[in-house]
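Residue-level listing of the chains:
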Amino acid sequence: FIVSWTAGVINCLSEEINTGIWPYYQGPWVTDPIDNEKGEYHQSLTAKAPSEPANGTFWLANLTFTVSATLEQVIAVNFTVTKPPGYDNYVLLNIQADEIPHAYQSYQITIIPEFTLTLLLVAMTISTIATIILKRRNK
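In this report, we go over the structure that sits alongside the text. Owing to the predicted nature of the structure, the values given are computational and were not obtained by experimental measurement.

Structural notes on the overall build of the protein
- For the protein, the count of helices and strands is one helix and nine strands.
- The helix and strand sequence of the protein, counted from the amino end, reads β-β-β-β-β-β-β-β-β-α.
- The buried share among the 139 residues of the protein stands at 16%.
- Look at the contacts in the protein between residues 6 or more apart in sequence, and 73% of them connect residues 24 or more apart.
- Looking at the protein as shown, the accessible area adds up to about 10,400 Å², and 55% of this sits on carbon and sulfur atoms.

Written out as structure tokens, the structure is:
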């Protein structure tokens, strides 16, 4: 699968693959899965015998991100999960190589900067004025 995001705003720092779904597996197949310049993560893992089929809801990979851009405004970052091009029949498969029904869901997060440049200048101006007033009063 591929996870894409808005490049230049956030960077993926690390991945944690859930190898606990199956006790026996091959992979991960992609040795350098994180491409922050493209804003993309690509990974693949294959369960193998004697692993038993797993039923339920599972997480496949946990990605850790950090904000890489200096943000002066609120910005939306889009995450899109897709299958790799040319892999229409090789995404989530059962032991008979039939595709397991699943859906890809995109997600959007909003990043709110802690301090915008304008807010920082206003805060510094107010604290300077407050310091001058307090020094005059203490004389």
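Observations concerning unusual backbone geometry
- In this structure, the amide linkage connecting glycine 27 to the following residue, proline 28, adopts the cis form with an omega of 5 degrees.
- Tracing the chain through its elements places proline 28 in the loop between β3 (25-26) and β4 (34-35).
- The linkage connecting alanine 49 with the following residue, proline 50, adopts the cis geometry, with an omega of 10 degrees.

A short note on the packing of aromatic side chains
- Applying the stated rule across the entire model yields three aromatic pairs.
- Ring centres of tryptophan 5 and phenylalanine 65 lie 5.0 Å apart, and the angle between their planes is 80 degrees; this geometry places the pair in the edge-to-face category. In this pair, tryptophan 5 sits in the loop between β1 (2-4) and β2 (10-17) while phenylalanine 65 sits in strand β7 (residues 61-67), placing the two residues 60 residues apart along the sequence.
- Its relative accessible area of 5% is what places tryptophan 5 among the buried residues.
- With a relative accessible area of 26%, phenylalanine 65 lands in the partly exposed category.
- Pairing phenylalanine 65 with phenylalanine 79 gives two aromatic rings, centres 5.3 Å apart and planes at 75 degrees, and the pair type is edge-to-face. Here the residue phenylalanine 65 occupies a position in strand β7, and phenylalanine 79 occupies one in strand β8 (residues 75-82), the gap between them amounting to 14 residues.
- Linked through ring pairs, Trp5, Phe65 and Phe79 together constitute an aromatic cluster.

Description of the sheet that holds β4
- Taken in spatial order, the five strands line up as β4-β5-β1-β8-β9 in an open sheet, and their pairing is antiparallel. Only two strands of the sheet have a single partner each, and these edge strands are β4 and β9 (107-111).
- Relative to strand β5 (residues 40-42), β4 runs antiparallel, the two being bridged by two bridges. Residue pairing in the sheet places aspartate 35 in a bridge with glutamate 40 of β5.

Some details on the environment of histidine 102
- Among the structural elements, histidine 102 can be located in the loop between β8 and β9.
- Overall, the relative accessible area of 31% leaves histidine 102 in the partly exposed class.
- Considered as a pair, histidine 102 and leucine 92 are ten residues apart in the sequence and their alpha carbons are 7.7 Å apart.

Notes on the nonpolar core
- Within the largest apolar cluster, eleven residues are counted, these being Val3, Trp5, Val9, Ile10, Cys12, Ile17, Tyr41, Leu63, Val77, Phe79 and Ile111.
- Breaking this core down by element, the ones donating at least two residues are β2 and β8.
- Among the elements that line this core, the one with the most residues is β2, at three residues.

Criteria and cut-off values
Residues numbered from 1 in each chain as written. Predicted model: local features only at pLDDT ≥ 70, side-chain atom pairs only at ≥ 80, totals over all residues. Heavy atoms only, no water. Helix = DSSP H or I, 4+ residues; strand = E, 2+ residues; numbered from the N terminus. Buried < 20%, exposed > 50% of the residue type's maximum accessible area, 1.4 Å probe, protein only. Contact = heavy atoms within 4.5 Å. Areas by Shrake-Rupley, 256 points an atom, 1.4 Å probe, with all protein chains shown as cover. Phe/Tyr/Trp six-rings, centres within 6.5 Å; stacked < 30°, edge-to-face > 60°. Pairing = 2+ DSSP bridges. Core = buried A, V, L, I, M, F, W, Y, C linked by side-chain atoms within 4.5 Å.

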